Amino acid sequence: SVEGSGRSKVGLWRARLELFMYETFTNLRISELFDMMVDFPDSVPALLDLKESLAKTHQYPHLVTELRAALHKRLLHAGANTSDILTQYISTIKALHQLDPSGTTLAAITLPVQLYLRARHDTVRCIVTGLTHDTTSDLFQELRKGSLAAGGGGGGWR
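The rules behind the values
Residues numbered from 1 in each chain as written. Predicted model: local features only at pLDDT ≥ 70, side-chain atom pairs only at ≥ 80, totals over all residues. Heavy atoms only, no water. Salt bridge = Lys/Arg side-chain N within 4 Å of Asp/Glu carboxyl O. Buried < 20%, exposed > 50% of the residue type's maximum accessible area, 1.4 Å probe, protein only. Helix = DSSP H or I, 4+ residues; strand = E, 2+ residues; numbered from the N terminus. Contact = heavy atoms within 4.5 Å. Phe/Tyr/Trp six-rings, centres within 6.5 Å; stacked < 30°, edge-to-face > 60°. Lys NZ or Arg CZ within 6 Å of the ring centre and 35° of its normal.

**Brief notes about the pattern of salt bridges**
Taken as a whole, this structure holds four salt bridges when the rule is applied. Glutamate 32 serves as the salt-bridge partner of arginine 29, at 2.8 Å between the closest nitrogen and oxygen. Using a relative accessible area of 19% as the deciding quantity, one classes arginine 29 as buried. The partly exposed category is assigned to glutamate 32, whose relative accessible area is 27%. For aspartate 35, the salt bridge goes to arginine 74, with nearest N and O atoms at 2.7 Å. Separated by 39 residues along the polypeptide, aspartate 35 in helix H2 (residues 33-38) and arginine 74 in helix H4 (residues 60-74) bring together distant segments of the chain. Connected through shared salt-bridge partners, Arg120, Asp122 and Arg125 make up one network.

In structure tokens:
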């Protein structure tokens with residue numbers, strides 16, 4: 001019937017419009033993702049919104065491409081302090097775990113950061129300083145958690 005055909009066209013347009021809305025929202029949030037990681041954990045609600053939107057649009061490849069570019073432009077350069085890079089790296093790990101608990105997105109994004117930190121001459125010194133002088137730092141807290149989970153009392157370090 002003509003009436004049934006009209007309803008199906010409206011339903012089709014509604015679905016297209018909804019997908020367009022989610023894709024537009026996802027693109028906006030992806031463009032803000034670096035700032036969300038800087039603001040973590042205050043940005044968790046925005047990250048959860050992005051997670052829900054990504055579940056509908058499957059724009060993970062776009063997220064990886066854009067976030068890698070933002071990391072290179074805004075963090076992985078000679079003007080950035082190594083301690084700031086390490087702090088942001090930890091926030092990135094936490095934020096990406098909110099978006100994708102499987103770790104797939106995390107693995108795709110953090111490799112360039114890992115390689116960059118390995119090439120910096122002061123990375124080890126910054127890590128040691130963070131462990132021995134600032135027990136309130138994210139680095140200290142995360143490494144302490146890893147140590148306790150690996151058998152307690154530092155026995156997990158090799």
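And the narrative resumes.
**Focus: the side chain of threonine 82**
Among the structural elements, threonine 82 can be located in helix H5 (residues 82-99). Contact partners of threonine 82, with chain neighbours within four places excluded, come to Leu117, Arg120, Asp122, Thr123 and Cys126.

**A word on the packing of aromatic side chains**
Evaluated as defined, the whole model comprises zero aromatic pairs. In this arrangement the basic side chain of arginine 16 is found over the ring face of tryptophan 13, its NZ or CZ atom lying 5.2 Å from the centre.

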